[in-house]
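# Results of the structural survey
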Amino acid sequence: TWHLKKIPQIVGERTFSLDSPKFEAKTKLELNSVCGIECQRRLPVPSLSDLKDLLSYETIFENGTRTLTEVNVLGLVLDPAGNTTTRRSLRKKRQIYGTDSRFSIYDKRFMTNFPFNTAVKISTGCSGILISPKHVLTAAHCLHDGKDYVKGSKRLRVGLMKTKSRGDGRRRKGTKRNGMPSFQWTRVKSTHIPKGWFKGVSGDIALDYDYAVLELKRPHKRKYMELGISPTIKMMPGSMIHFSGFDNDRSGQLVYRFCSISDESNDLFYQYCDAEPGSTGSGIYLRLKEPNKKKWKRKIIAVYSGHQWVDVNGEQQDYNVAVRITPLKYAQICFWIHGNDENCMQG
């Protein structure tokens, strides 16, 4: 069963106007970080004042204006135990490990139906996932390099896979052959990024806050995927994670994969799911067949951050990493979606 957790409250306190950004950063689909599994293990547990700072957030609007919202955190019980880890295994420096276990989804009956239709393409080259009628979850580094917003984020758009072509079903000019998805592009009204992401790049807190939420200018009418709290590996229903995105090496295709998680810290999952740049920002979900119900229940429990190179014992090693949706991050993302914390009490 899903393990429910009581959620702390994130409350907006003050909002300040900031200067408009330059939008001059280059998009990086692969990050270089120096804080790997061992480094994460040694990081101190943030204090309540640290968390208030890390969870304060920037909002950038369609017209280029920008604000900073300071938050308070209520009802949080700090865990004195440090970062947890489980088992660990080494691997070669590749993003596809052994046999390529990814599946390209060609059949439109699958592609345009849940859960695959929740995957979206971000105009900066990443992927994302629908989490409400007008919100998309993706990776922060798809929009901001830690110092400035990337060039393509000034006129940011989200591509939703088209469900039907107009007319009598015959192929029209502009639609694609061979089951390739075509996209309906929607402008982004505003973007929220936690302050911890800006701090993380400069302060070497690594990737813990590599997530962002986009608010679409117009709501869609598709089924979206619910958020959940990331369980530990031992408590994970089904023991497998799943995600779909638009990998660069399979241009125009929706690519699905699943795998088990190999290691974890308090904020990150380390896994060997085969993935290439372009799938960054995909929503990682669990699925569970609930008692006496025939249908699978799915919940997003992490955001795929991408392929990472790190120093481990003085040697360069790599892994694929995902940012876990902890109770605090659940509270923050839920607050961004609803504008209040009343709908965010149980995860």
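Under the annotation held in an unreviewed UniProt entry, the protein chain carries the name Inactive serine protease 35 and is attributed to Halcyon senegalensis. UniProt annotates the protein chain under Subcellular location (unreviewed entry) with the comment "Secreted". Here is the UniProt Sequence similarities (unreviewed entry) comment for the protein chain, exactly as written: "Belongs to the peptidase S1 family."

Counting secondary structure elements, the protein chain contains five helices and 19 strands. Going through the 347 residues of the protein chain one by one, you find that 54% of them count as buried. Carbon and sulfur atoms make up 49% of the accessible area of the protein chain, which totals about 16,700 Å².

Pairing between side chains becomes possible if they bear opposite charge and their charged atoms approach one another. Throughout the structure, instances matching the rule amount to eleven salt bridges. For the salt bridge of Arg-66 with Glu-58, the shortest nitrogen-to-oxygen distance reads 3.3 Å. With respect to burial, Arg-66 and Glu-58 carry one shared label: buried. Where Glu-215 meets Lys-189, a salt bridge forms, and the shortest distance between an N and an O atom there is 3.9 Å. Remark: Lys-189 occurs in strand S10 (residues 183-194) and Glu-215 occurs in strand S11 (residues 212-216); sequence separation between them is 26 residues. Through salt bridges with shared partners, one network takes in Glu-62, Arg-187 and Lys-217.

Of the positions making up helix H2 (residues 48-55), those classed as buried are Leu-51, Leu-54 and Leu-55. Burial along H2 is one-sided: seen end-on, the buried residues are contained in an arc of 85 degrees.

This part covers the side chain of Ser-230. Its location among the elements puts Ser-230 in the loop between strand S12 (226-227) and strand S13 (241-245). Judged by relative accessible area, Ser-230 falls into the buried class, the value being 6%. A polar contact of 2.9 Å, which involves the side chain of Ser-230, links it to the side chain of Arg-324. When residues no more than four places from it in sequence are discounted, the contact partners of Ser-230 are Phe-269, Ile-301, Arg-324 and Ile-325.

Scanning all chains against the criterion turns up nine aromatic pairs. Relative to Trp-336, the ring of Tyr-57 lies with its centre 5.4 Å away and its plane at 75 degrees, an arrangement referred to as edge-to-face. Of this pair, Tyr-57 sits in strand S3 (residues 57-61) while Trp-336 sits in helix H5 (residues 327-338), placing them 279 residues apart in sequence. By relative accessible area, which is 8% here, Tyr-57 ends up buried. Between Phe-183 and Trp-185 the ring centres are 5.7 Å apart and the planes differ by 50 degrees, which places this aromatic pair in the tilted class.

Okay, the nonpolar core next. Within the largest apolar cluster, 68 residues are counted, with the highest numbers of intra-cluster contacts made by Leu-55, Ile-131, Leu-137, Val-158, Tyr-211, Leu-227 and Ile-333. Of all the elements, H5 adds the most residues to this core, at eight residues. Excluding its chain neighbours within four sequence positions, the residues that come into contact with Leu-227 are Ile-131, Leu-137, Lys-299, Ile-300, Ile-325, Tyr-330, Ile-333 and Ile-337. Ile-233, Ile-261, Leu-286 and Ile-301 belong to the second-largest nonpolar core, a separate cluster that totals 15 residues.

What follows covers the confidence of the model for the protein chain. Summarising the model, the protein chain shows a mean pLDDT of 80, and 78% of its residues fall at 70 or more. For the protein chain, per-element mean pLDDT is lowest for strand S2 (residues 31-32), which scores 67, and highest for strand S8 (residues 135-138), which scores 97.

With that settled, the discussion passes to the state of the cysteines. Under the criterion given, the structure shown has one disulfide. Two residues, Cys-126 and Cys-142, share a disulfide whose sulfurs are 2.1 Å apart. Note on the Cys-126 and Cys-142 pair: the S-S dihedral is about -95 degrees, so by sign convention the disulfide is left-handed. Placement of the pair is Cys-126 in the loop between strand S6 (119-122) and strand S7 (127-132) and Cys-142 in the loop between S8 and strand S9 (157-161), with a sequence separation of 16 residues. Relative accessible area serves as the criterion here: at 0%, Cys-126 is assigned to the buried category.

Here Thr-67 lies in strand S4 (residues 66-74). Beyond its immediate sequence surroundings of up to four residues, Thr-67 is in contact with Thr-15, Phe-16, Ser-17, Leu-18, Tyr-57, Glu-58, Thr-59 and Phe-61.

What follows deals with the environment of Lys-223. Positionally, Lys-223 belongs in the loop between S11 and S12. The class of Lys-223 is exposed, set by a relative accessible area of 52%. Considering only alpha carbons, one finds Lys-223 and Phe-114, 109 residues apart in sequence, at a separation of 6.7 Å. Not counting residues up to four positions away in its chain, the partners in contact with Lys-223 are Phe-114, Asn-117, Thr-118 and Leu-130.

The buried fraction of S13 is high, at five of five residues. The alternating pattern of S13 places Ile-241, Phe-243 and Gly-245 on one face and His-242 and Ser-244 on the opposite face, and all of these are buried. As paired elements, S13 and strand S14 (residues 254-259) share five bridges and run antiparallel to each other. Along S14, the bridge assignment pairs Phe-243 with Arg-257.

About the thresholds
Residues numbered from 1 in each chain as written. Predicted model: local features only at pLDDT ≥ 70, side-chain atom pairs only at ≥ 80, totals over all residues. Heavy atoms only, no water. UniProt positions renumbered as here; feature names shortened; annotations may be inferred. Helix = DSSP H or I, 4+ residues; strand = E, 2+ residues; numbered from the N terminus. Buried < 20%, exposed > 50% of the residue type's maximum accessible area, 1.4 Å probe, protein only. Areas by Shrake-Rupley, 256 points an atom, 1.4 Å probe, with all protein chains shown as cover. Salt bridge = Lys/Arg side-chain N within 4 Å of Asp/Glu carboxyl O. Arc of directions from axis to C-beta. Polar contact = N/O pair within 3.5 Å; in protein donor to acceptor, adjacent residues only side chain to side chain. Contact = heavy atoms within 4.5 Å. Phe/Tyr/Trp six-rings, centres within 6.5 Å; stacked < 30°, edge-to-face > 60°. Core = buried A, V, L, I, M, F, W, Y, C linked by side-chain atoms within 4.5 Å. pLDDT = per-residue confidence, 0-100. Disulfide = S-S within 2.5 Å. Pairing = 2+ DSSP bridges.

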